[in-house]
Amino acid sequence: MIAVLRRTVLFLALPVVLVMLWWFTSADSIDYARPPLATIIDVFPKTWLTGRITKDILPSLARLAIGYGLALVAGVALGVLIGGSRLLRALLEPVLEFLRAIPPPVLVPILILIAGIDNTMKILVIVSGCIWPILLNTVEGVRATDEVLGDTCRSYRIGGLLRLRTFVLRSASPQIVTGARQALSIGIILMVISEMKAASEGLGFTIVQFQRGFQIPEMWSGVLVLGIIGVVLALLFRLVERRVLVWYHGVRAAERGPQ
Amino acid sequence: MLDIRGLRKVYDGHGRQVEALRNITFQVDGGEFVCVVGPSGCGKTTLLRLIGGLLRPTGGEVAVAGKTVAGPPDGLAVVFQEYGRSLFPWLKVHENVELPLKAKGMARKDREPLVRNAIEAVGLADARTAWPWQLSGGMQQRVAIARALAFQPSVLLMDEPFAAVDAQTRADLEDLVRSVWHQFGVTLLFVTHDIDEAVYLGQRVVVLSASPTTVIEDLAIDLPDDRDQLNTRADARFVELRGHVYSRIQQAKRNAPVA
(Lines give C-alpha, C1' and ligand atoms only; values in the text may rest on other atoms or scores of the structure.)
Protein backbone atom coordinates (compact mmCIF):
# COMPACT_ATOMS: atom_id res chain seq x y z
CA MET A 1 0.00 0.00 0.00
CA ILE A 2 2.75 2.41 1.02
CA ALA A 3 4.76 1.31 -2.01
CA VAL A 4 1.83 2.16 -4.31
CA LEU A 5 1.44 5.55 -2.65
CA ARG A 6 5.14 6.22 -2.97
CA ARG A 7 5.11 5.33 -6.65
CA THR A 8 2.08 7.51 -7.34
CA VAL A 9 3.73 10.47 -5.59
CA LEU A 10 6.97 9.94 -7.53
CA PHE A 11 5.04 9.63 -10.78
CA LEU A 12 3.08 12.83 -10.22
CA ALA A 13 5.65 15.03 -8.45
CA LEU A 14 7.49 16.50 -11.44
CA PRO A 15 4.39 16.98 -13.65
CA VAL A 16 2.67 18.87 -10.80
CA VAL A 17 5.71 21.10 -10.30
CA LEU A 18 5.95 21.82 -14.04
CA VAL A 19 2.24 22.62 -14.36
CA MET A 20 2.48 24.98 -11.38
CA LEU A 21 5.53 26.65 -12.90
CA TRP A 22 3.65 27.09 -16.15
CA TRP A 23 0.59 28.37 -14.27
CA PHE A 24 2.44 31.08 -12.34
CA THR A 25 4.91 32.19 -15.02
CA SER A 26 2.15 32.55 -17.59
CA ALA A 27 -0.45 34.06 -15.23
CA ASP A 28 0.12 37.68 -16.25
CA SER A 29 1.16 36.94 -19.81
CA ILE A 30 -0.17 39.38 -22.38
CA ASP A 31 1.87 37.78 -25.18
CA TYR A 32 -0.82 36.48 -27.54
CA ALA A 33 1.28 33.43 -28.46
CA ARG A 34 1.65 32.46 -24.80
CA PRO A 35 -1.72 32.87 -23.12
CA PRO A 36 -2.05 32.16 -19.38
CA LEU A 37 -2.52 28.48 -18.53
CA ALA A 38 -5.71 29.50 -16.73
CA THR A 39 -7.16 30.69 -20.06
CA ILE A 40 -6.09 27.49 -21.82
CA ILE A 41 -7.76 25.34 -19.18
CA ASP A 42 -10.77 27.59 -19.28
CA VAL A 43 -11.35 27.00 -23.02
CA PHE A 44 -10.50 23.29 -22.74
CA PRO A 45 -13.99 21.88 -21.95
CA LYS A 46 -15.90 23.84 -24.55
CA THR A 47 -13.19 23.20 -27.16
CA TRP A 48 -12.89 19.45 -26.72
CA LEU A 49 -15.89 18.11 -24.85
CA THR A 50 -18.52 19.40 -27.26
CA GLY A 51 -18.38 16.96 -30.14
CA ARG A 52 -14.68 17.08 -30.98
CA ILE A 53 -14.08 13.78 -29.20
CA THR A 54 -16.06 11.88 -31.82
CA LYS A 55 -15.29 14.23 -34.70
CA ASP A 56 -11.53 14.66 -34.26
CA ILE A 57 -10.01 12.68 -31.42
CA LEU A 58 -11.58 9.29 -32.13
CA PRO A 59 -10.84 9.32 -35.89
CA SER A 60 -7.22 10.24 -35.11
CA LEU A 61 -6.92 7.48 -32.54
CA ALA A 62 -8.60 4.98 -34.87
CA ARG A 63 -6.07 5.72 -37.60
CA LEU A 64 -3.26 5.43 -35.08
CA ALA A 65 -4.60 2.09 -33.85
CA ILE A 66 -4.99 0.69 -37.36
CA GLY A 67 -1.60 1.98 -38.56
CA TYR A 68 0.18 0.84 -35.43
CA GLY A 69 -1.56 -2.54 -35.53
CA LEU A 70 -0.65 -3.08 -39.18
CA ALA A 71 2.96 -2.07 -38.50
CA LEU A 72 3.07 -4.47 -35.55
CA VAL A 73 1.74 -7.42 -37.54
CA ALA A 74 3.81 -6.72 -40.65
CA GLY A 75 6.95 -5.82 -38.69
CA VAL A 76 6.85 -8.96 -36.56
CA ALA A 77 5.95 -11.21 -39.51
CA LEU A 78 8.73 -9.86 -41.73
CA GLY A 79 11.12 -9.77 -38.77
CA VAL A 80 10.54 -13.46 -38.06
CA LEU A 81 11.13 -14.34 -41.72
CA ILE A 82 14.25 -12.20 -42.07
CA GLY A 83 15.65 -13.06 -38.65
CA GLY A 84 15.25 -16.76 -39.34
CA SER A 85 17.18 -16.77 -42.60
CA ARG A 86 20.81 -15.78 -43.02
CA LEU A 87 20.30 -15.50 -46.79
CA LEU A 88 17.39 -13.06 -46.46
CA ARG A 89 19.32 -10.97 -43.93
CA ALA A 90 22.33 -10.61 -46.21
CA LEU A 91 20.08 -9.82 -49.15
CA LEU A 92 17.84 -7.27 -47.43
CA GLU A 93 20.15 -5.49 -45.00
CA PRO A 94 21.29 -2.66 -47.35
CA VAL A 95 17.74 -2.07 -48.60
CA LEU A 96 16.36 -1.96 -45.08
CA GLU A 97 19.00 0.54 -44.00
CA PHE A 98 18.09 2.75 -46.95
CA LEU A 99 14.35 2.61 -46.34
CA ARG A 100 14.75 3.14 -42.62
CA ALA A 101 16.76 6.32 -43.22
CA ILE A 102 13.86 8.00 -45.04
CA PRO A 103 11.94 10.24 -42.62
CA PRO A 104 8.25 9.25 -42.94
CA PRO A 105 6.96 12.88 -43.11
CA VAL A 106 8.59 13.31 -46.53
CA LEU A 107 6.44 10.42 -47.69
CA VAL A 108 3.28 12.46 -47.10
CA PRO A 109 3.34 14.24 -50.51
CA ILE A 110 4.26 10.99 -52.26
CA LEU A 111 1.56 9.02 -50.51
CA ILE A 112 -1.00 11.73 -51.30
CA LEU A 113 -0.23 11.12 -54.99
CA ILE A 114 -0.46 7.36 -54.65
CA ALA A 115 -3.15 6.84 -52.05
CA GLY A 116 -5.10 10.08 -52.16
CA ILE A 117 -5.88 12.28 -49.19
CA ASP A 118 -8.21 10.09 -47.21
CA ASN A 119 -7.60 7.67 -44.35
CA THR A 120 -5.51 5.27 -46.43
CA MET A 121 -2.76 7.85 -46.90
CA LYS A 122 -2.68 8.78 -43.21
CA ILE A 123 -2.58 5.17 -42.09
CA LEU A 124 0.20 4.41 -44.58
CA VAL A 125 2.25 7.29 -43.18
CA ILE A 126 1.89 5.85 -39.68
CA VAL A 127 2.77 2.33 -40.88
CA SER A 128 5.79 3.59 -42.80
CA GLY A 129 7.27 5.07 -39.65
CA CYS A 130 6.22 2.53 -37.05
CA ILE A 131 7.32 -0.57 -38.89
CA TRP A 132 11.10 -0.01 -38.72
CA PRO A 133 11.83 -0.23 -35.01
CA ILE A 134 9.50 -3.23 -34.77
CA LEU A 135 10.99 -4.99 -37.78
CA LEU A 136 14.64 -4.40 -36.87
CA ASN A 137 14.19 -5.33 -33.23
CA THR A 138 12.28 -8.48 -34.16
CA VAL A 139 15.10 -9.51 -36.52
CA GLU A 140 17.61 -9.10 -33.69
CA GLY A 141 15.38 -10.98 -31.26
CA VAL A 142 14.79 -13.90 -33.60
CA ARG A 143 18.51 -14.12 -34.40
CA ALA A 144 19.43 -14.34 -30.75
CA THR A 145 17.30 -17.38 -29.81
CA ASP A 146 19.01 -19.76 -27.41
CA GLU A 147 20.74 -22.76 -29.00
CA VAL A 148 19.87 -25.16 -26.22
CA LEU A 149 16.20 -24.22 -26.42
CA GLY A 150 16.40 -24.64 -30.20
CA ASP A 151 17.86 -28.13 -29.70
CA THR A 152 15.14 -28.86 -27.18
CA CYS A 153 12.51 -27.97 -29.79
CA ARG A 154 14.21 -30.12 -32.42
CA SER A 155 14.63 -33.12 -30.20
CA TYR A 156 11.02 -32.99 -28.97
CA ARG A 157 9.87 -32.28 -32.52
CA ILE A 158 8.23 -29.04 -31.56
CA GLY A 159 7.72 -27.53 -34.97
CA GLY A 160 5.50 -25.41 -37.16
CA LEU A 161 3.09 -23.00 -35.54
CA LEU A 162 3.67 -24.33 -32.04
CA ARG A 163 7.39 -23.61 -32.38
CA LEU A 164 6.68 -20.16 -33.76
CA ARG A 165 4.28 -19.32 -30.93
CA THR A 166 6.03 -20.88 -27.97
CA PHE A 167 9.65 -20.55 -28.99
CA VAL A 168 10.47 -17.98 -31.67
CA LEU A 169 8.01 -15.22 -30.78
CA ARG A 170 8.40 -15.65 -27.03
CA SER A 171 12.21 -15.65 -27.28
CA ALA A 172 12.09 -12.46 -29.30
CA SER A 173 9.36 -10.84 -27.22
CA PRO A 174 11.65 -8.59 -25.11
CA GLN A 175 13.10 -7.09 -28.28
CA ILE A 176 9.70 -6.94 -29.98
CA VAL A 177 8.34 -5.00 -27.00
CA THR A 178 11.30 -2.58 -27.16
CA GLY A 179 10.59 -1.98 -30.85
CA ALA A 180 6.87 -1.59 -30.22
CA ARG A 181 7.52 1.01 -27.53
CA GLN A 182 9.68 3.09 -29.87
CA ALA A 183 7.10 2.67 -32.61
CA LEU A 184 4.30 3.94 -30.37
CA SER A 185 5.88 7.35 -29.86
CA ILE A 186 6.75 7.56 -33.55
CA GLY A 187 3.13 6.64 -34.34
CA ILE A 188 1.71 9.46 -32.23
CA ILE A 189 3.97 11.97 -33.98
CA LEU A 190 3.02 10.68 -37.41
CA MET A 191 -0.68 10.61 -36.53
CA VAL A 192 -0.49 14.38 -36.04
CA ILE A 193 1.81 15.12 -38.98
CA SER A 194 -0.32 13.10 -41.41
CA GLU A 195 -3.29 15.32 -40.50
CA MET A 196 -1.53 18.61 -41.04
CA LYS A 197 -1.77 18.40 -44.83
CA ALA A 198 -4.84 17.63 -46.87
CA ALA A 199 -7.10 16.79 -43.95
CA SER A 200 -10.57 17.84 -42.85
CA GLU A 201 -10.65 16.38 -39.38
CA GLY A 202 -8.34 14.98 -36.76
CA LEU A 203 -6.19 16.34 -33.96
CA GLY A 204 -3.36 17.62 -36.13
CA PHE A 205 -5.83 19.31 -38.48
CA THR A 206 -7.71 20.96 -35.59
CA ILE A 207 -4.57 22.31 -33.97
CA VAL A 208 -3.42 23.83 -37.27
CA GLN A 209 -6.92 25.29 -37.81
CA PHE A 210 -6.83 26.99 -34.40
CA GLN A 211 -3.40 28.43 -35.14
CA ARG A 212 -4.54 29.80 -38.50
CA GLY A 213 -7.68 31.24 -36.88
CA PHE A 214 -5.64 32.93 -34.12
CA GLN A 215 -7.49 30.83 -31.53
CA ILE A 216 -4.29 30.50 -29.55
CA PRO A 217 -5.64 29.22 -26.20
CA GLU A 218 -7.61 26.58 -28.14
CA MET A 219 -4.43 25.65 -30.04
CA TRP A 220 -2.58 25.18 -26.75
CA SER A 221 -5.43 23.10 -25.37
CA GLY A 222 -4.97 20.78 -28.38
CA VAL A 223 -1.35 20.33 -27.41
CA LEU A 224 -2.54 19.37 -23.93
CA VAL A 225 -4.88 16.76 -25.44
CA LEU A 226 -1.96 15.25 -27.35
CA GLY A 227 0.13 15.15 -24.21
CA ILE A 228 -2.64 13.40 -22.29
CA ILE A 229 -3.09 10.87 -25.09
CA GLY A 230 0.65 10.18 -25.03
CA VAL A 231 0.67 9.56 -21.28
CA VAL A 232 -2.41 7.32 -21.36
CA LEU A 233 -1.03 5.24 -24.23
CA ALA A 234 2.33 4.87 -22.48
CA LEU A 235 0.57 3.66 -19.33
CA LEU A 236 -1.53 1.18 -21.32
CA PHE A 237 1.63 -0.02 -23.02
CA ARG A 238 3.29 -0.58 -19.68
CA LEU A 239 0.31 -2.64 -18.49
CA VAL A 240 0.51 -4.86 -21.55
CA GLU A 241 4.28 -5.13 -21.30
CA ARG A 242 4.07 -6.23 -17.68
CA ARG A 243 1.75 -9.07 -18.67
CA VAL A 244 3.70 -10.16 -21.74
CA LEU A 245 7.17 -9.97 -20.19
CA VAL A 246 6.43 -11.17 -16.68
CA TRP A 247 8.83 -14.08 -17.22
CA TYR A 248 11.58 -11.81 -18.56
CA HIS A 249 11.58 -9.53 -15.55
CA GLY A 250 11.48 -12.64 -13.34
CA VAL A 251 14.52 -14.16 -15.05
CA ARG A 252 16.39 -10.86 -14.77
CA ALA A 253 15.55 -10.54 -11.09
CA ALA A 254 16.57 -14.17 -10.47
CA GLU A 255 19.91 -13.54 -12.18
CA ARG A 256 20.53 -10.44 -10.11
CA GLY A 257 19.37 -12.11 -6.90
CA PRO A 258 21.57 -13.41 -4.08
CA GLN A 259 24.25 -15.73 -5.43
CA MET B 1 17.19 -50.69 -28.91
CA LEU B 2 20.22 -48.52 -29.59
CA ASP B 3 22.78 -49.65 -32.10
CA ILE B 4 25.87 -47.52 -32.66
CA ARG B 5 28.16 -48.78 -35.39
CA GLY B 6 31.51 -47.36 -36.46
CA LEU B 7 30.41 -43.84 -35.59
CA ARG B 8 32.84 -41.14 -36.67
CA LYS B 9 32.58 -37.37 -36.52
CA VAL B 10 35.03 -34.88 -37.96
CA TYR B 11 34.44 -31.17 -37.43
CA ASP B 12 35.58 -29.10 -40.32
CA GLY B 13 36.10 -25.44 -39.78
CA HIS B 14 38.51 -22.63 -40.62
CA GLY B 15 40.81 -24.93 -42.59
CA ARG B 16 41.34 -27.18 -39.59
CA GLN B 17 39.88 -30.63 -39.24
CA VAL B 18 39.17 -31.94 -35.78
CA GLU B 19 38.40 -35.60 -35.40
CA ALA B 20 36.11 -35.65 -32.39
CA LEU B 21 35.04 -39.28 -32.65
CA ARG B 22 37.11 -41.86 -34.50
CA ASN B 23 35.23 -45.12 -34.15
CA ILE B 24 32.45 -45.76 -31.66
CA THR B 25 30.60 -49.05 -31.61
CA PHE B 26 28.32 -50.35 -28.86
CA GLN B 27 24.77 -51.50 -28.32
CA VAL B 28 22.17 -50.83 -25.68
CA ASP B 29 19.34 -53.32 -25.14
CA GLY B 30 15.77 -52.30 -24.42
CA GLY B 31 15.31 -51.27 -20.78
CA GLU B 32 19.03 -51.17 -20.07
CA PHE B 33 20.79 -48.41 -18.10
CA VAL B 34 24.16 -47.68 -19.71
CA CYS B 35 26.61 -44.98 -18.67
CA VAL B 36 29.18 -43.53 -21.02
CA VAL B 37 32.23 -42.13 -19.29
CA GLY B 38 35.39 -40.61 -20.68
CA PRO B 39 38.00 -37.94 -20.04
CA SER B 40 36.84 -34.37 -20.51
CA GLY B 41 36.98 -33.18 -24.09
CA CYS B 42 36.60 -36.70 -25.48
CA GLY B 43 33.47 -35.88 -27.47
CA LYS B 44 30.79 -37.20 -25.12
CA THR B 45 28.40 -34.41 -26.01
CA THR B 46 29.12 -34.92 -29.71
CA LEU B 47 28.27 -38.60 -29.30
CA LEU B 48 25.02 -37.78 -27.59
CA ARG B 49 24.04 -35.21 -30.20
CA LEU B 50 24.72 -37.78 -32.93
CA ILE B 51 22.52 -40.35 -31.20
CA GLY B 52 19.83 -37.71 -30.65
CA GLY B 53 19.84 -36.87 -34.35
CA LEU B 54 20.91 -33.27 -33.70
CA LEU B 55 24.16 -33.77 -35.61
CA ARG B 56 25.02 -35.77 -38.71
CA PRO B 57 27.84 -38.31 -38.47
CA THR B 58 30.84 -38.20 -40.81
CA GLY B 59 30.81 -41.99 -40.93
CA GLY B 60 29.05 -44.96 -39.42
CA GLU B 61 25.49 -44.93 -38.20
CA VAL B 62 23.14 -44.90 -35.26
CA ALA B 63 19.95 -46.95 -35.22
CA VAL B 64 17.18 -46.51 -32.68
CA ALA B 65 14.77 -49.44 -32.51
CA GLY B 66 16.16 -50.71 -35.82
CA LYS B 67 15.71 -47.42 -37.68
CA THR B 68 18.74 -45.44 -38.82
CA VAL B 69 18.82 -41.97 -37.30
CA ALA B 70 18.62 -39.14 -39.83
CA GLY B 71 16.99 -36.51 -37.60
CA PRO B 72 15.66 -36.53 -34.06
CA PRO B 73 14.20 -40.06 -33.87
CA ASP B 74 10.73 -40.96 -32.65
CA GLY B 75 10.44 -41.97 -29.04
CA LEU B 76 13.74 -40.48 -27.96
CA ALA B 77 14.09 -37.73 -25.39
CA VAL B 78 17.14 -35.77 -24.32
CA VAL B 79 17.94 -34.15 -20.98
CA PHE B 80 20.59 -31.50 -21.56
CA GLN B 81 23.33 -30.39 -19.24
CA GLU B 82 22.28 -26.74 -19.29
CA TYR B 83 19.01 -27.10 -17.41
CA GLY B 84 18.69 -23.31 -17.14
CA ARG B 85 18.62 -23.00 -20.90
CA SER B 86 16.59 -26.04 -21.85
CA LEU B 87 13.41 -25.03 -20.01
CA PHE B 88 11.20 -22.35 -21.51
CA PRO B 89 11.36 -19.44 -19.04
CA TRP B 90 7.99 -18.12 -20.24
CA LEU B 91 6.20 -21.38 -19.47
CA LYS B 92 5.34 -22.61 -16.00
CA VAL B 93 6.61 -25.98 -14.79
CA HIS B 94 3.56 -27.96 -15.91
CA GLU B 95 3.42 -26.13 -19.25
CA ASN B 96 7.06 -27.00 -19.89
CA VAL B 97 6.32 -30.64 -19.20
CA GLU B 98 3.21 -30.53 -21.36
CA LEU B 99 4.67 -28.82 -24.42
CA PRO B 100 6.21 -31.87 -26.15
CA LEU B 101 2.89 -33.69 -25.72
CA LYS B 102 1.10 -30.81 -27.43
CA ALA B 103 3.63 -31.10 -30.24
CA LYS B 104 2.70 -34.78 -30.51
CA GLY B 105 -0.91 -33.67 -31.07
CA MET B 106 -2.15 -35.43 -27.95
CA ALA B 107 -5.59 -34.43 -26.59
CA ARG B 108 -5.75 -32.41 -23.39
CA LYS B 109 -7.42 -35.17 -21.38
CA ASP B 110 -4.64 -37.57 -22.33
CA ARG B 111 -1.92 -35.03 -21.60
CA GLU B 112 -3.03 -34.15 -18.10
CA PRO B 113 -2.46 -37.49 -16.32
CA LEU B 114 0.94 -37.92 -18.00
CA VAL B 115 2.05 -34.47 -16.90
CA ARG B 116 0.80 -34.94 -13.35
CA ASN B 117 2.36 -38.36 -13.09
CA ALA B 118 5.75 -37.20 -14.38
CA ILE B 119 5.85 -34.17 -12.09
CA GLU B 120 4.96 -36.34 -9.10
CA ALA B 121 7.61 -38.90 -10.06
CA VAL B 122 10.33 -36.26 -9.77
CA GLY B 123 8.93 -34.94 -6.48
CA LEU B 124 7.78 -31.54 -7.74
CA ALA B 125 4.02 -31.80 -7.16
CA ASP B 126 4.11 -28.59 -5.09
CA ALA B 127 5.94 -26.64 -7.78
CA ARG B 128 3.56 -27.44 -10.65
CA THR B 129 2.60 -23.84 -11.27
CA ALA B 130 5.94 -22.22 -10.46
CA TRP B 131 8.09 -20.53 -13.06
CA PRO B 132 11.38 -22.36 -13.83
CA TRP B 133 13.45 -19.36 -12.71
CA GLN B 134 11.87 -19.52 -9.26
CA LEU B 135 13.42 -22.97 -8.74
CA SER B 136 16.90 -24.07 -7.71
CA GLY B 137 19.20 -25.68 -10.27
CA GLY B 138 18.46 -29.16 -9.02
CA MET B 139 14.71 -28.57 -9.20
CA GLN B 140 15.02 -27.18 -12.72
CA GLN B 141 16.81 -30.34 -13.78
CA ARG B 142 13.99 -32.35 -12.18
CA VAL B 143 11.54 -30.45 -14.39
CA ALA B 144 13.62 -31.34 -17.45
CA ILE B 145 13.56 -34.99 -16.35
CA ALA B 146 9.79 -34.83 -15.80
CA ARG B 147 9.35 -33.40 -19.28
CA ALA B 148 11.38 -36.26 -20.74
CA LEU B 149 9.37 -38.85 -18.78
CA ALA B 150 5.98 -37.41 -19.74
CA PHE B 151 7.06 -37.72 -23.37
CA GLN B 152 7.09 -41.51 -22.81
CA PRO B 153 10.28 -42.12 -24.73
CA SER B 154 11.59 -45.60 -25.33
CA VAL B 155 15.11 -44.17 -25.16
CA LEU B 156 16.20 -41.42 -22.79
CA LEU B 157 19.54 -39.68 -23.32
CA MET B 158 21.11 -37.64 -20.54
CA ASP B 159 24.05 -35.37 -21.22
CA GLU B 160 25.98 -34.76 -18.00
CA PRO B 161 22.72 -33.65 -16.43
CA PHE B 162 24.13 -33.13 -12.95
CA ALA B 163 27.44 -31.49 -13.84
CA ALA B 164 26.27 -28.09 -12.68
CA VAL B 165 24.51 -28.90 -9.39
CA ASP B 166 26.02 -29.19 -5.91
CA ALA B 167 27.13 -32.55 -4.51
CA GLN B 168 24.16 -33.24 -2.25
CA THR B 169 21.60 -32.33 -4.89
CA ARG B 170 23.55 -34.48 -7.24
CA ALA B 171 23.28 -37.54 -4.98
CA ASP B 172 19.51 -37.00 -4.70
CA LEU B 173 19.14 -36.66 -8.44
CA GLU B 174 21.19 -39.80 -9.06
CA ASP B 175 18.81 -41.79 -6.88
CA LEU B 176 15.88 -40.11 -8.59
CA VAL B 177 17.17 -41.25 -11.99
CA ARG B 178 17.56 -44.82 -10.74
CA SER B 179 14.03 -44.79 -9.37
CA VAL B 180 12.35 -43.35 -12.47
CA TRP B 181 14.31 -45.76 -14.63
CA HIS B 182 12.76 -48.61 -12.64
CA GLN B 183 9.33 -47.01 -12.58
CA PHE B 184 9.11 -46.07 -16.26
CA GLY B 185 11.09 -48.97 -17.75
CA VAL B 186 12.91 -46.71 -20.17
CA THR B 187 16.19 -47.42 -21.96
CA LEU B 188 18.68 -44.98 -20.51
CA LEU B 189 21.97 -43.74 -21.88
CA PHE B 190 23.69 -41.50 -19.39
CA VAL B 191 26.79 -39.54 -20.38
CA THR B 192 29.08 -38.26 -17.66
CA HIS B 193 32.70 -37.42 -16.91
CA ASP B 194 32.27 -38.59 -13.32
CA ILE B 195 33.54 -42.16 -12.86
CA ASP B 196 31.81 -42.64 -9.48
CA GLU B 197 28.53 -41.53 -10.92
CA ALA B 198 28.84 -43.83 -13.94
CA VAL B 199 29.61 -46.90 -11.82
CA TYR B 200 26.96 -46.05 -9.23
CA LEU B 201 24.19 -45.58 -11.79
CA GLY B 202 24.75 -47.97 -14.66
CA GLN B 203 24.26 -51.62 -15.39
CA ARG B 204 27.08 -51.17 -17.86
CA VAL B 205 29.76 -48.55 -18.29
CA VAL B 206 31.16 -47.76 -21.72
CA VAL B 207 34.61 -46.21 -21.28
CA LEU B 208 35.81 -43.84 -23.98
CA SER B 209 39.38 -42.88 -24.81
CA ALA B 210 40.63 -39.32 -25.13
CA SER B 211 40.06 -37.63 -28.50
CA PRO B 212 40.17 -38.96 -31.23
CA THR B 213 37.75 -41.14 -29.40
CA THR B 214 37.20 -44.87 -29.47
CA VAL B 215 35.56 -47.29 -27.02
CA ILE B 216 38.28 -48.75 -24.80
CA GLU B 217 36.09 -50.89 -22.61
CA ASP B 218 32.51 -52.02 -22.25
CA LEU B 219 32.21 -53.04 -18.63
CA ALA B 220 29.32 -54.82 -16.94
CA ILE B 221 28.59 -53.42 -13.47
CA ASP B 222 27.72 -56.46 -11.40
CA LEU B 223 26.47 -54.58 -8.37
CA PRO B 224 23.08 -55.50 -6.89
CA ASP B 225 20.15 -53.68 -8.47
CA ASP B 226 19.14 -52.10 -5.18
CA ARG B 227 21.65 -49.30 -4.76
CA ASP B 228 21.99 -46.54 -2.22
CA GLN B 229 24.48 -43.78 -1.74
CA LEU B 230 25.89 -45.06 1.53
CA ASN B 231 26.21 -48.82 1.13
CA THR B 232 26.81 -49.10 -2.59
CA ARG B 233 29.61 -46.59 -2.57
CA ALA B 234 31.24 -48.41 0.38
CA ASP B 235 30.87 -51.82 -1.30
CA ALA B 236 34.24 -53.45 -2.05
CA ARG B 237 33.06 -54.37 -5.54
CA PHE B 238 32.06 -50.74 -6.23
CA VAL B 239 35.51 -49.54 -5.16
CA GLU B 240 37.14 -52.17 -7.33
CA LEU B 241 35.08 -51.29 -10.43
CA ARG B 242 35.64 -47.59 -9.91
CA GLY B 243 39.39 -48.18 -9.58
CA HIS B 244 39.37 -50.22 -12.74
CA VAL B 245 37.55 -47.56 -14.80
CA TYR B 246 39.76 -44.87 -13.32
CA SER B 247 42.97 -46.64 -14.33
CA ARG B 248 41.64 -47.29 -17.85
CA ILE B 249 40.88 -43.60 -18.30
CA GLN B 250 44.27 -42.56 -16.93
CA GLN B 251 45.89 -45.00 -19.31
CA ALA B 252 43.89 -43.63 -22.21
CA LYS B 253 44.91 -40.10 -21.35
CA ARG B 254 48.61 -41.07 -21.29
CA ASN B 255 48.36 -42.76 -24.65
CA ALA B 256 46.56 -39.84 -26.22
CA PRO B 257 48.56 -37.69 -28.62
CA VAL B 258 49.33 -34.33 -27.05
CA ALA B 259 46.84 -31.88 -28.44
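Quick caveat, the model's predicted, so the values are computed rather than measured.

### A look at the overall build of chain B
1) Next: Looking only at helices and strands, chain B has nine helices and ten strands in total.
2) Next: The globule rule puts the C-alpha radius of gyration for 259 residues at 18 Å, and the 18 Å found for chain B is close to it.
3) Next: Taking the principal axes of its C-alpha atoms as reference, chain B extends roughly 55 × 45 × 35 Å.
4) Next: Every one of the 259 residues in chain B was classed for burial, and the buried ones make up 44%.

### A closer look at helix H9 (residues 236–255) of chain B
Each α-helix winds once per 3.6 residues, and so residues spaced three or four apart point in a common direction.
All names here are of chain B.
1) Next: Here H9 contains 20 residues, and its C-alpha end-to-end distance of 29 Å stays within 8% of the 28 Å for a straight helix at 1.5 Å per residue.
2) Next: Of all the residues in H9, the buried ones are Leu241, Val245, Arg248, Ile249 and Ala252. End-on view of H9: buried residues confined to an arc of 95 degrees, all on one side of the axis. The outward face of H9, more than 90 degrees from its buried face, is lined by the exposed residues Ala236, Val239, Glu240, Gly243, Ser247, Gln250 and Arg254.
3) Next: Taken together, the buried residues of H9 touch strand E3 (33–37), helix H7 (195–201), strand E9 (204–208) and strand E10 (213–220).

### Quick look at the environment of Ser85 of chain A
Residue and element names in this part refer to chain A.
1) Next: If you trace the backbone, Ser85 turns up in the loop between helix H3 (52–83) and helix H4 (86–100).
2) Next: Overall, Ser85 belongs to the partly exposed group, with 13 C-beta atoms counted inside 10 Å.
3) Next: Distance from Ser85 to Val142, taken between C-alpha atoms, is 9.7 Å for residues 57 residues apart in sequence.

### Comments concerning helix H1 (residues 2–26) of chain A
Residue and element names in this part refer to chain A.
1) Next: Taking 1.5 Å per residue, 25 residues should reach 36 Å; H1 reaches 35 Å between its end C-alpha atoms and fits that length.
2) Next: Where H1 bends most, at Leu12, the angle is about 35 degrees, and the proline Pro15 comes one to four residues later.
3) Next: The buried fraction of H1 is low, at zero of 25 residues.

### A look at the sheet that holds strand E7 (residues 155–159) of chain B
Residues and elements named next belong to chain B.
1) Next: Reading across the sheet, the ten strands line up as E5-E4-E1-E2-E10-E9-E3-E8-E7-E6 and stay open at both edges, with mixed pairing between neighbours. Sheet topology places strand E5 (67–68) and strand E6 (76–79) at the edges, where each strand pairs with a single neighbour.
2) Next: When E3 meets E9, the two strands line up parallel, connected through four bridges. Within the sheet, the bridge partner assigned to Val34 lies in E9 and is Arg204.

### Observations concerning the pairing of strand E4 (residues 59–64) of chain B
Residue and element names in this part refer to chain B.
1) Next: Looking at chain direction, strand E1 (residues 2–13) and E4 are connected through five bridges and run antiparallel. Bridge assignment links Arg8 to a residue of E4, and that residue is Gly59.
2) Next: Two elements, E4 and E5, share two bridges in a ladder whose sense is antiparallel. Following the sheet pairing, Val64 is matched in E5 by Lys67.

### As for the pairing of E9 of chain B
All names here are of chain B.
1) Next: For E9, a buried count of four out of five residues is recorded, marking the element as mostly surrounded by other parts of the structure.
2) Next: Two elements, E9 and E10, share five bridges in a ladder whose sense is antiparallel. Looking at E10, one finds that Val207 is bridged to Glu217.
3) Next: In textbook terms, the turn of a hairpin is the stretch between consecutive antiparallel strands, and for E9 and E10 this stretch comprises four residues.

### Here we look at the domain arrangement of chain B
Residue and element names in this part refer to chain B.
1) Next: Taken domain by domain, chain B consists of domain 1 (1–75 + 155–259) and domain 2 (82–152).
2) Next: Relative to domain 2, the C-alpha centre of domain 1 lies at a distance of 25 Å.
3) Next: Across the contact, twelve residues belong to domain 1 and eight residues belong to domain 2.
4) Next: Broken down by element, the residue count for the side of domain 1 that touches domain 2 peaks at seven residues, all from helix H6 (residues 167–184).

### A look at the interface of chain A and chain B
1) Next: Contact residues are listed per partner, giving 17 residues for chain A and 19 residues for chain B.
2) Next: If you list the elements that add at least two residues to the side of chain A that touches chain B, you get helix H7 (147–155), helix H8 (160–193) and helix H11 (246–256) of chain A.
3) Next: In terms of residue count, the dominant contributor to the side of chain A that touches chain B is H7 of chain A (six residues).
4) Next: Of the residues in the side of chain A that touches chain B, the class split is eight nonpolar, four polar and five charged.

Parameters at a glance
- Residues numbered from 1 in each chain as written.
- Chains lettered and ligands numbered in written order.
- Predicted model: local features only at pLDDT ≥ 70, side-chain atom pairs only at ≥ 80, totals over all residues.
- Helix = DSSP H or I, 4+ residues; strand = E, 2+ residues; numbered from the N terminus.
- Rg over C-alpha atoms; globule rule 2.2 N^0.38 Å.
- Buried ≥ 20, exposed ≤ 12 C-beta atoms within 10 Å, placed from the backbone.
- Expected span 1.5 Å × (residues − 1).
- Arc of directions from axis to C-beta.
- Contact = placed C-beta atoms within 7 Å.
- Bend = angle between axes of the 7 residues up to and from the residue.
- Pairing = 2+ DSSP bridges.
- Domains from an automatic or database assignment.
- Nonpolar A, V, L, I, M, F, W, Y, C, P; charged D, E, K, R; others polar.

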